[in-house]
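Notes for the structure review
Here are the chains, one letter per residue:
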Amino acid sequence: MKESHYARIEKNIESFPSLPSTVAEVMSVVNNPDSSAKDLTQAILPDQSMCVAILKIANSALYGRPKKVSSLETAITVLGFDEIQNIVLSRSVMNSFGSIFDRNDEIINNFWDHSFTCALAGKVIAEHFSISSPGRFFIGGLIHDIGKLAMLLTFPEEYTAEKWLTGLSTGKKLEEERQQFAITHAEVGGRLLQKWNFPESLTNALNFHHSPLDSPENHGFPIIVQLADVLAHLCSTYEKDEIGDIESAIKKLVPGIEQTWHHFTLPWEKLRLEMWYNWVVIERQHGSSILAILAY
Ligand SMILES: [Fe+2]
Ligand SMILES: [Fe+2]
């Protein structure tokens, strides 16, 4: 009997390689309130390429420091524990799909460009609401669609990059995905993070980024990733004059989004949406070097 799609993806998630040991160590140091910058340095030092990436990011234009950061310990002080954790998690997740990067494929590059734009949008929105550790929203956005990559690896013939990795996953497309593969990329992403022991808030953000109302938690993480996803899609697909009114464009792509925001008692304001969109367009131009550092 032919193995069902569900069984195949289950098996593939199970056999997906673990993340490097640095990840678990960094998470445990960051989540221990008694840890020092020295402890975090020790946890990262064995991973030389991670050290180099962190130094590059600490010295990047995004953090614009007049003096060059040359030691890991200083980089940790400059960026802070949360930001370091975000870099380690982002880079490790991206590297675990390294075999896909090698294809040097335009669709894959666009996929990461979209993911990175979503990461910037998530951070911009979280910062605007003064939510603690907005960097969580950066990583949530960066990896929100990794389930698609796992599907691509599991069903190389059927889950074609042309169809499934491009464009926004609207209600109709998600339904089609579930019908054809018995699971959606959002759920696959959540399962992967669960397997990797990521914090529950992040697992939920992935799992429910297309259905925030189903999230068991009542904070706005999934809904912010959902909006960030739409903003990223608008930024990278159209010119501003093609979009016209940002609010109408968002509502057209995700009907009911305003009501969902009200459900989470988040303010929905036309002006803010315009502002976030404009910010993301600008940040996107500055931040592309970070994506390159995270990915290689
Ligand atoms: Fe998605
Ligand atoms: Fe997306």
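Look a little higher up for the structure.
Residues numbered from 1 in each chain as written. Chains lettered and ligands numbered in written order. Predicted model: local features only at pLDDT ≥ 70, side-chain atom pairs only at ≥ 80, totals over all residues.

**Remarks on the overall build of the protein chain**
Within the protein chain one finds 19 helices and zero strands. With the C-alpha coordinates of the protein chain rotated into their principal frame, the extents come out at 55 × 50 × 35 Å. In the protein chain, which comprises 296 residues, the share counted as buried stands at 39%. (Helix = DSSP H or I, 4+ residues; strand = E, 2+ residues; numbered from the N terminus. Buried ≥ 20, exposed ≤ 12 C-beta atoms within 10 Å, placed from the backbone.)

**Topic: the nonpolar core**
The nonpolar side chains of a soluble globular protein tend to be buried, and buried together. Core analysis: the biggest nonpolar cluster contains 77 residues, and Ile54, Ala121, Ile224, Ala228 and Leu231 have the highest contact counts within it. Here this core gets 11 residues from one element, more than from any other, and that element is helix H15 (residues 221–237). (Core = buried A, V, L, I, M, F, W, Y, C linked by C-beta atoms within 7 Å.)

**So, the environment of threonine 170**
Summarising the element assignment, threonine 170 is placed in the loop between helix H11 (161–164) and helix H12 (171–181). Considered as a pair, threonine 170 and tryptophan 279 are 109 residues apart in the sequence and their alpha carbons are 24 Å apart.

**Things to note about the packing of helix H3 (residues 37–44) against helix H5 (residues 72–79)**
The contact between H3 and H5 brings their axes to 9 Å, and the two run at 120°. With respect to their mutual orientation, H3 and H5 come out oblique. For the pair H3 and H5, the crossing hand works out as right-handed. Each of Ala37, Leu40, Thr41 and Ile44 in H3 lies in contact with H5, whose residues at this interface are Leu72, Glu73, Ile76 and Thr77. (Axes fitted to C-alpha atoms, helices over the stretch in contact; angles between N-to-C directions. Parallel < 35°, antiparallel > 145°, perpendicular 65-115°, else oblique. Left-handed = near helix turned anticlockwise from the far one by under 90°. Contact = placed C-beta atoms within 7 Å.)

**Quick word on the packing of helix H17 (residues 246–253) against helix H19 (residues 270–295)**
Helices that pack against each other are described as a pair by the angle of their axes relative to one another and the distance between those axes. Across the interface, H17 lies against H19 with an axial gap of 8 Å and an inter-helix angle of 90°. As far as their axial angle goes, H19 and H17 are roughly perpendicular. Residue-level inspection shows Ile246, Glu247 and Ile250 of H17 in contact with H19, the latter providing Lys270, Leu273, Glu274 and Tyr277. Its residues assigned to classes, the contact of H17 with H19 comprises four nonpolar, no polar and three charged. (Nonpolar A, V, L, I, M, F, W, Y, C, P; charged D, E, K, R; others polar.)

**Concerning the environment of valine 281**
Inspection of the secondary structure puts valine 281 in helix H19. Its 16 C-beta neighbours within 10 Å are what place valine 281 among the partly exposed residues.

**Observations regarding helix H6 (residues 81–96)**
Along its 16 residues, H6 runs 23 Å from first to last C-alpha, staying within 8% of the 22 Å computed at 1.5 Å per residue. The element H6 is extensively covered by neighbouring structure, given that 12 of its 16 residues are classed as buried. Listed in full, the buried residues belonging to H6 are Glu83, Ile84, Gln85, Asn86, Ile87, Val88, Leu89, Ser90, Arg91, Val93, Met94 and Ser96. (Expected span 1.5 Å × (residues − 1).)

**A word on unusual backbone geometry**
Of note in the backbone geometry, serine 130 takes a positive phi value of approximately 50° without being a glycine. Positionally, serine 130 belongs in the loop between helix H8 (106–128) and helix H9 (135–142). Located in the positive-phi region is asparagine 197, a residue other than glycine, with phi close to 60°. For asparagine 197, the position within the fold is in the loop between helix H13 (185–195) and helix H14 (200–207).

**Overview of the environment of alanine 119**
On the secondary structure map, alanine 119 appears in helix H8. Measuring from C-alpha to C-alpha, the distance between alanine 119 and serine 289 comes to 14 Å, with 170 residues separating the pair along the chain. When sequence neighbours within four positions are dropped, the list of residues in contact with alanine 119 reads Phe138, Ile139, Gly141 and Leu142.

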